[in-house]
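Structural overview
In case you want the letters, here they are:
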Amino acid sequence: MLSVIFSIPEKSRALRVSQRALTAGPLLMIALLSCLGSSWIAGAQGELRGWEWQNPRPQGNVINSIRFAKDKLHGWAVGADGAILRSINGGFEWKEQESPTNTTLYSIYVKDKSRAVISGAGGVVLTTISAGQKWVRRPTGVKDHLFCITFAPDNPLHGWAVGTFGAIIATTDGGITWKAQTSQTAAHLFSVSFINKKTGIAVGAKGTLLVTNNGGADWEPKIQSGNVLTGAAFTSPKRAVAVGYGGTVLQTNDGGATWTTTDSLVTTDLLSVSFSDDNHGWASGDAGVVLTTGDGGKIWLPVNVRTSPRLSTVYFADEFTGWAAGGDGLVVRSDDGGLSWRRLTEGGREDLAHIFFLDNSHGWAVGSRGKILFTSSSGRNWTVRPSGTTVRLNAITFVNDSEGWTVGDKGTILHSGNGGVTWEAITTDATEELVGVDFPTPKSGWIVGARGTILHTEDGGQTWRYQLTNTFSWLEDVRFTDELHGVAIGSAGTILRTEDGGKNWKRIDRNLKEWLYALAFADEQRGYAVGEKGIILRTDDGGATWKDVESGVSSNLFAVAVASPNDVIVAGDQGRILRSKDAGGTWEVQPTITSAPLFSVAYRGGMNIWVAGRGGAILKRNEPVATVKIPSPKLPPVLRGGPPKIQSNNQNTLVDDGDIPRALPPVRKPAKPE
């Protein structure tokens, strides 16, 4: 599997989404890369600024590469969806820079505080000589995804980039023009390093290791192992280190002619390696693992970063000062040679299953490990509210500014009577995963979940009783238009309807196989349901009958919200957001700035749109919605069953969910008076 390199959301218990794409093989994943980010979006880069990150900050897309200039102050980080971040104070503050492309960016090489070069998917190479105020796309002549780019330390005009299917391109004018080199391999190459303009190594899939001594005119293969090699770095003209899957560490002391294996003491996949001098080196990888060496790579000592984040890139400017970055936009810094790490980014990274706004200012979001977030500023600032649980919370609702409910795994029901400041666990007989909750009045409420579970209260939640559904389907969502009329939806196209407050639930037969994930009603008659493979259903009679309104997409749609009977927003996989202003007659794709799965949407009309999803992502619309129409397909989406969107968290013990400590810039003492 090559997913550690790609910016495809990794397999996670956070998702119950079908993982067929991730298990179909490397070639399919490479094809998917070109669909990630905003390559599927029609529209200019300026339109992408229509969304702003509210959590994490400064952004939540995967960071694939981080590098700093020699002054240790000026640096960049690049990643998925065209993300380019710039810091001028060692990473303590970051600002987004505009990219001429929205595709995934994989690697950056920093020459000095003003000049840098980036490589990315689809043969993209970007250069700047203005500290990133303007990035220029350079023609490369290839369409391969370029996973790594580097330049000769002794001559910054000479550079190389490597990528899919053995692609190697080289430049002799600092990155302005590029020519292909012959690698003699079809294996994907993930890293390249040169010690001077003549001597270099490239590593990749299937243990591929290439060496050149003439600037890439000839590349000699050195096959060492079957493990994927992901990173390479020279420590001197004769010594180099390569790292890869399964804790693989290889070394050469003769310029790459022969290689030996070093015991790294870990079996974790290693994704990046960096040396600041001949002796001091670091490697980073999955599960927050960082390895450090002080003897040129003979002995490696493992360090675990708190919360075990995926660290896809590491870079040290000297033996003490370094940075690492990876999933969900996380950037961390070390000032003691990698022994301890502190966070340079803000906000939690737990997956968020549901977001709810009571008005245009007050909102809540819930998700993994009992996370509850609250805002009273339209999302400009989010604070954590203690929930008293570490199970996954799947849905939240408030009936007024005081009374709130949230439900989750293991039959969890929490109630707040003070606006969500504190939460109390409600004891019931339920043990199932509870996924949806709705209160049409302060006294009457319904909860749905696994195995056809429907719970009902008539006394404001003091007591809950099961209702008979005659189904074992997984129920994802429930909505009532009044105390009598309600609809519940779930797996295998299940649609249940009641006209008597749930005393009797009738199945609505639509001959559907798609998993239905979310439901929203604009009034007593008009409602929408969304689900797997782009399915969108509409009812005009309170849920008695439903018709398919073609979305024009085939990806999973996880969330739906309405501002009026005709104005509806839908969100789902790959950061996809759709809007219809004519009750689903036509759909418009809304350009976004993330390819993370979006599990929930809150829509209150106008620009009051929030979406939430994987990795703690919360985005808010800050410009009027775009109007890029999707053509309707001639044939309906393939009908195919699928798993729930949020996977159960079955941990039986409480875990410490404290995040990585926040890094603060050093405070300089005032100079003593003379």
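Anything mentioned here points back to the structure above.
Described below are features of the structure shown in this document. These numbers were taken from a predicted model, which means no experiment stands behind them. Note that residues are indexed from 1 along each chain, following the sequence as it is written. With the structure being a predicted model, the display of local features is reserved for residues of pLDDT at least 70 and the display and counting of side-chain atom pairs for 80 or more, all residues being used for whole-chain, interface and lining totals. The side-chain numbers reported here are obtained from all heavy atoms of the structure, hydrogens and water having been left aside.

The next subject is the overall build of the chain. Put simply, DSSP marks the helices as runs of H or I at least four residues long and the strands as runs of E at least two long, and each gets a number from the N terminus on. Tallying secondary structure elements over the chain gives 3 helices and 57 strands in all. Per-residue burial for the chain yields a buried fraction of 62% across its 674 residues. Counting contacts in the chain only where the partners sit at least 6 residues apart, residues at least 24 apart contribute 47% of the total. For the area figures, the Shrake-Rupley method with a 1.4 Å probe applies, and any residue is considered shielded solely by the protein chains shown. Total accessible area on the chain is roughly 25700 Å²; 50% of this is exposed by carbon and sulfur atoms. Burial here depends on accessible area, computed with a 1.4 Å probe over protein chains only, as a share of the maximum for the residue type. Under 20% is buried, over 50% is exposed, and the range in between is partly exposed. Residue contacts are defined here by distance: any two heavy atoms, one from each residue, within 4.5 Å place the two residues in contact.

Checked against the element boundaries, Thr-262 lands in the loop between strand S21 (260-261) and strand S22 (270-275). Given the relative accessible area of 11%, Thr-262 is considered buried. Pairs of N or O atoms are called polar contacts if they sit within 3.5 Å, as long as, within protein, a hydrogen donor faces a hydrogen acceptor (for residues adjacent in sequence, only side-chain-to-side-chain pairs). Within the local environment of Thr-262, its side chain forms a polar contact with the side chain of Gln-251, the two groups lying 2.7 Å apart. Contacts of Thr-262, omitting those with residues within four sequence positions, involve Val-249, Gln-251, Gly-297, Lys-298 and Trp-300.

Once that is clear, we can look at the nonpolar core. In this structure, Ile-536, Val-560, Val-570 and Leu-578 are the most contacted members of the largest nonpolar core, which totals 16 residues. Contributing elements (two or more residues each) for this core: strand S46 (516-521), strand S47 (527-531), strand S50 (557-562) and strand S51 (568-572). It is S50 that provides the largest number of residues to this core, a total of 3 residues. Setting aside chain neighbours within four positions, we find Ile-536 in contact with Ala-529, Val-530, Lys-547, Asp-548, Val-549, Ser-551, Leu-557, Val-570, Leu-578 and Trp-587. Ile-593, Ile-609, Ala-617 and Leu-619 belong to the second-largest nonpolar core, a separate cluster that totals 15 residues. Side-chain atoms within 4.5 Å are what join buried Ala, Val, Leu, Ile, Met, Phe, Trp, Tyr and Cys residues into a set we call a nonpolar core.

Next up on the list: the sheet that holds strand S9 (residues 136-137). The criterion for strand pairing is that DSSP finds at least two bridges linking the strands in question. If you walk across this open sheet you meet the 4 strands as S6-S7-S8-S9, and the pairing is antiparallel. Strands with a single pairing partner mark the edges of an open sheet, and in this sheet they are strand S6 (105-110) and S9. In the sheet, S6 pairs with strand S7 (residues 116-120) via 5 bridges, with the strands oriented antiparallel. Note that in S7 the partner of Val-110 across the bridge is Ala-116.

Time to look at the pairing of strand S10 (residues 146-152). Among the 7 residues of S10, 7 are classified as buried, and the element is accordingly described as predominantly covered. The pairing of S10 with strand S11 (residues 155-163) spans 6 bridges and is antiparallel. Within S11, the residue paired with Phe-151 across the bridge is Gly-159. Between S10 and S11, which follow one another and run antiparallel, lie 2 residues.

As a further point, take the packing of aromatic side chains. Classification of ring pairs uses Phe, Tyr and Trp, with its six-membered ring standing for Trp, and accepts pairs whose centres are within 6.5 Å; under 30 degrees between planes counts as stacked, over 60 as edge-to-face, and the remaining range as tilted. According to the stated counting rule, one finds 27 aromatic pairs in the structure shown. Taking the centre distance of 6.4 Å and the plane angle of 70° together, the rings of Phe-151 and Trp-178 count as edge-to-face. With Phe-151 in strand S10 and Trp-178 in the loop between strand S12 (168-171) and strand S13 (179-181), the pair connects residues that are 27 residues apart, well separated along the chain. Since its relative accessible area comes to 9%, Trp-178 is described here as buried. Taking 6.4 Å as the distance between ring centres and 15° as the angle between the ring planes, the aromatic pair formed by Tyr-315 and Trp-323 counts as stacked.

What follows concerns unusual backbone geometry. Here the bond from Asn-55 into Pro-56 is cis, since omega is -20°, no more than 30 degrees from zero. Within the fold, Pro-56 resides in the loop between strand S1 (51-55) and strand S2 (63-68). The omega torsion of the bond from Arg-57 to Pro-58 falls at 10°, within 30 degrees of zero and hence cis. Along the polypeptide, Pro-58 turns up in the loop between S1 and S2.

A word on the sheet that holds strand S43 (residues 486-490). Strands sit in the order S42-S43-S44-S45 across an open sheet of 4 strands; the sheet is antiparallel. Every interior strand has two partners, whereas the edge strands, strand S42 (475-480) and strand S45 (506-507), have only one. Sheet topology places strand S44 (residues 495-498) next to S45; 2 bridges connect them, and they run antiparallel. The residue bridging Leu-496 from the neighbouring strand is Arg-507, located in S45.

With that out of the way, let us pick up the environment of Thr-171. Tracing the sequence through the fold places Thr-171 in strand S12. Counting along the chain gives 15 residues from Thr-171 to Pro-156, while the straight-line C-alpha distance between them is 9.9 Å. In this structure, Thr-171 is in contact with Phe-151, Leu-157, His-158, Gly-159, Ile-176, Thr-177 and Trp-178, ignoring residues within four places of it in sequence. Polar contacts involving the side chain of Thr-171 include one to the side chain of Asp-173, which spans 2.7 Å. A distance of 3.0 Å separates a polar atom in the side chain of Thr-171 from the backbone nitrogen of Gly-175.

Read these as spatial facts, not as claims about activity.
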